[in-house]
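Read off the chains here:
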Amino acid sequence: MNDHLQQLMRDATRLTRAGRLDEATAAIQRALRATSAPATEPSDQNAEPLNPATSGTVTLDATATTPGGNVFAVDTTDYNAANVDFVAAEASVGDAPQGSTEVPRSEDGAAAARGAGQFSIGTHTHLSRTIHFKLYAPAGHAEERQLPLVVMLHGCGQDPDDFAAGTRMNEAAREQGFFVLYPAQSRTANASRCWNWFQPADQARGSGEPALIASLTLAVVKQYNVDPRRIYIAGLSAGGAMATIVATAYPEIFAAAGVHSGLARGAASNVLEALSVMQSGDPNWQGAGGGTHVSVPTIVFHGDQDKTVHPRNGEQAVAAVLGRRGDAEIERGMSARGRHYTRSLHVDEKGNPLAEHWLVHGAGHAWSGGNVAGSYTDASGPDATREMLRFFFTQRRA
């Protein structure tokens, strides 16, 4: 460990002891960037922070079309100029209070005719906390047929647009017909826009970010024509760690989870533990604490050259689902661009999938098979988006 990295870790320790957790988190992120900074890491100059609204309303000005053909809503400071109709929705999440959502309900006939779908922005308030989100709704989503929903949690420094571009999830949704929900972390909640997977208040049912994300998910289910049996959640890095926390906390909502370059539930309980486990994993890790929990089927992707989140964390994410190490069926292959991988499959006694672990050889901290238009992507690897969707759509809740 070089002197600069040691100094950053000392700074994180000092700030934690002083109770300045946001600054300590930022110090950890600087330490991680000093260890390994991907060429596609986004610049703060290009990534404006999302400031959560306190009123729980959305302001829209117009719609615009992205190069990929998706329609999205554009913020404006003048609500009266928008002339857009809104519908409020409420949802209860297990033992948590109700929340309220403001989402646009407008139809763009030209976009629907092109089959582009809509990519809209909204806000949701739950337990006095407000979160921004973007929702992709495919063309024809208002028809009688109920569609699946995939919740996507971005990584540190990312936002919904960046994550959508890098994973190509909206393109897949347009082709296959499903909704995609992108909750957006703000700098108010975390200085680096990371999901707070390492804080005890954000690791359990009924509180913090898991309750907020679950409440938002159910609000979207109520607002749109979503099949409640086919709701899935996935994320990258900190988003992957939070995805497994949310799925574990709310197994009655989510049918399956996807973790890319993330960590197991309960891997850390403060910022210093987070830095340690991200750098090396925990060779003595025996599983997540915090009492009994129900795991959902989970697919894990991890690069074996990841210098930001050690690949041992991918193994532990699988072990947390299984509750044991367990035997696996091993398959080795190579992507179309020459990236080798090892795929481990775990099934129950009836042959039903429990977990898949994709170890991508030579890959770093990046979404496998992703689009270089987004940050933290590796176009050479097997297509994580396609494989996650394949895994997801074989699962549904009873």
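Residues numbered from 1 in each chain as written. Predicted model: local features only at pLDDT ≥ 70, side-chain atom pairs only at ≥ 80, totals over all residues. Heavy atoms only, no water.

Broken down by element type, the protein chain carries 10 helices and 16 strands. Taking all 398 residues of the protein chain together, 55% fall into the buried category. For the protein chain, long-range pairs separated by at least 24 residues make up 67% of all intrachain contacts whose partners lie at least 6 apart in sequence. Surface accessibility of the protein chain: about 16700 Å² in total, with carbon and sulfur atoms responsible for 47%. (Helix = DSSP H or I, 4+ residues; strand = E, 2+ residues; numbered from the N terminus. Buried < 20%, exposed > 50% of the residue type's maximum accessible area, 1.4 Å probe, protein only. Contact = heavy atoms within 4.5 Å. Areas by Shrake-Rupley, 256 points an atom, 1.4 Å probe, with all protein chains shown as cover.)

Most of strand S13 (residues 340-347) sits out of view: six of its eight residues are buried. Two strands pair when backbone bridges link them, and strand S12 (residues 329-334) and S13 are joined in this way by six bridges, in the antiparallel orientation. When the sheet's bridge partners are listed, glutamate 329 is paired in S13 with leucine 345. Where S12 folds back onto S13 in an antiparallel hairpin, the turn is made up of five residues, including glycine 338, whose phi is positive at roughly 90 degrees. (Pairing = 2+ DSSP bridges.)

Going through the model one piece at a time under the given rule, you end up with 10 salt bridges. A salt bridge links arginine 343 to glutamate 331, with the shortest nitrogen-to-oxygen separation between them at 3.0 Å. Of this pair, arginine 343 sits in strand S13 while glutamate 331 sits in strand S12; the two residues are 12 residues apart in sequence, bridging distant segments of the chain. Residue arginine 343 is classed as buried on the basis of its relative accessible area of 12%. Since its relative accessible area comes to 30%, glutamate 331 is described here as partly exposed. With a closest N to O distance of 2.9 Å, glutamate 356 and arginine 390 form a salt bridge. Here glutamate 356 is found in strand S14 (residues 353-360), whereas its partner arginine 390 is found in helix H10 (residues 384-392), with 34 residues between them in sequence. Taken together, the salt bridges that share partners define one network made up of Glu331, Arg343, Glu356, Arg386, Glu387 and Arg390. (Salt bridge = Lys/Arg side-chain N within 4 Å of Asp/Glu carboxyl O.)

Bringing the environment of valine 277 into the picture now. Following the sequence through the fold, valine 277 ends up in helix H8 (residues 271-280). On the basis of relative accessibility, which here comes to 3%, the residue valine 277 falls in the buried class. With residues up to four places along the chain from it excluded, the contact list for valine 277 reads Trp197, Leu263, Ala267, Ala268, Asp282, His310 and Asn313.

Here we come to the side chain of threonine 248. Note on placement: threonine 248 falls in helix H7 (residues 238-249). Threonine 248 sits in the buried class, given a relative accessible area of 10%. Among the polar contacts listed, one links the side chain of threonine 248 to the backbone oxygen of threonine 244, at a separation of 2.7 Å. (Polar contact = N/O pair within 3.5 Å; in protein donor to acceptor, adjacent residues only side chain to side chain.)

With that out of the way, let us pick up unusual backbone geometry. Of note in this structure, arginine 193 is not a glycine but carries a positive phi near 60 degrees. Relative to the helices and strands, arginine 193 is located in the loop between strand S8 (179-184) and helix H6 (208-223). What makes arginine 193 buried here is its relative accessible area of 1%. With phi around 55 degrees, serine 261 is a residue other than glycine that occupies positive phi space. With respect to the helices and strands, the residue serine 261 is situated in the loop between strand S10 (256-260) and H8.

Under the counting rule described, the total for this entry stands at one disulfide. Here cysteine 156 engages in a disulfide with cysteine 194; their sulfurs sit 2.1 Å apart. Measuring handedness by torsion sign, the sulfur bridge of cysteine 156 and cysteine 194 sits at about 125 degrees and is right-handed. You can see cysteine 156 sitting in the loop between strand S7 (147-153) and helix H4 (160-167) and its partner cysteine 194 sitting in the loop between S8 and H6, a full 38 residues away along the chain. (Disulfide = S-S within 2.5 Å.)

By secondary structure assignment, the location of serine 215 is in helix H6. A polar contact is formed between the side chain of serine 215 and the side chain of histidine 126, at a distance of 3.2 Å.

A separate point is the nonpolar core. Grouped together as the largest cluster of nonpolar side chains are 47 residues, with contacts concentrated most on Leu149, Trp197, Ile233 and Phe254. Those residues within four positions of tryptophan 197 in sequence are excluded, and the remaining contacts are Gln203, Ala238, Ala241, Met242, Ile245, Leu263, Ala267, Ala268, Ala274, Val277 and Met278. One finds Met152, Ala172, Ala173 and Phe301 within the second-largest nonpolar core, a separate group that totals 30 residues. (Core = buried A, V, L, I, M, F, W, Y, C linked by side-chain atoms within 4.5 Å.)

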